[in-house]
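Reading the structure
Each chain is listed here by its residues.
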Amino acid sequence: MMTDFLSMPPVRVRTRIRNMPADDGVSAPSPRLVVDTDNGGKKKRQPNRGSMKPGETRNPNGRPKGAKGMKPLVRKILSEMTTIRTAKGPQKISLYHALLLKEMELAFKGEWRARVNMLQLARWAIPEEGPDTAPNASSTNDETDHLILQWFEEELLKRSQSAQKESGDGR
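So, here is what we can say about the structure in this document. None of these values were measured; they are calculated from a predicted model. (Residues numbered from 1 in each chain as written. Predicted model: local features only at pLDDT ≥ 70, side-chain atom pairs only at ≥ 80, totals over all residues. Heavy atoms only, no water.)

Turning our eyes to something else, we now look at a nonpolar patch on the surface. A cluster of nonpolar side chains, namely Phe108, Ile148 and Trp151, defines an oily patch on the protein surface of about 290 Å² accessible area. Its place among the elements puts Ile148 in helix 4 (residues 139-169). (Patch = residues over 30% accessible without salt bridge, like charges linked within 9 Å, V, L, I, M, F, W, Y side chains within 5 Å. Areas by Shrake-Rupley, 256 points an atom, 1.4 Å probe, with all protein chains shown as cover. Salt bridge = Lys/Arg side-chain N within 4 Å of Asp/Glu carboxyl O. Helix = DSSP H or I, 4+ residues; strand = E, 2+ residues; numbered from the N terminus.)

We now examine the nonpolar core. Among the nonpolar cores identified, the biggest contains 8 residues, and these are Ala107, Ala114, Met118, Leu119, Ala122, Leu149, Phe152 and Leu156. Those elements that provide at least two residues to this core are helix 3 (112-125) and helix 4. For this core, the element with the most residues is helix 3, which contributes 4 residues. Residues contacting Met118, with those up to four places away along its chain left out, are Leu100, Glu103, Met104 and Ala107. (Core = buried A, V, L, I, M, F, W, Y, C linked by side-chain atoms within 4.5 Å. Buried < 20%, exposed > 50% of the residue type's maximum accessible area, 1.4 Å probe, protein only. Contact = heavy atoms within 4.5 Å.)

Right, let's talk about the packing of aromatic side chains for a bit. Counted by the stated rule, this structure contains 2 aromatic pairs. On the numbers, 5.6 Å between centres and 40° between planes, the contact of Phe108 with Phe152 is tilted. Note that Phe108 is positioned in helix 2 (residues 95-109) and Phe152 in helix 4, a separation of 44 residues in sequence. Residues Trp151 and Phe152 carry aromatic rings whose centres are separated by 5.3 Å and whose planes lie at 50° to one another, so their mutual orientation is tilted. Taken together, the aromatic side chains of Phe108, Trp151 and Phe152 make up a single cluster linked through ring pairs. (Phe/Tyr/Trp six-rings, centres within 6.5 Å; stacked < 30°, edge-to-face > 60°.)

Keep in mind these numbers describe shape, not what the thing actually does.
Listed below in structure tokens is the structure:
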């Protein structure tokens, strides 16, 4: 979508208010601007005197003490336990674990977005083996995980290529 720059309102130019010149024609410095002799003669401003009284707060209607943010609420909700039915019978797992299992189920059923999400999670959770990482005792599980990831990537590549061919033929 192109923006029509001619129909846009003009840019507002801000002008700086300067100190009024004194009687001798030279602008007077701000009354708050002082020279700090202790700090090498640097100019600095004095604080606003009387702008805040002792015990006064700047935002009296702000967030109350003890109020929770979004992250603790999400952690609390996702860590709650739920019961799911499995082949072994009912099991109690966290909601986060249940969400991951459902996403994995959808990925194996062929849901495109679920596969992409699981690949991203797997890349985040399973680090790549480099020359500085030593093989551990569960190398067979790592190899299996790596093979599953390769299969997912091949499937995604096949689907993206077939989607490109279909969109190219439909033109």
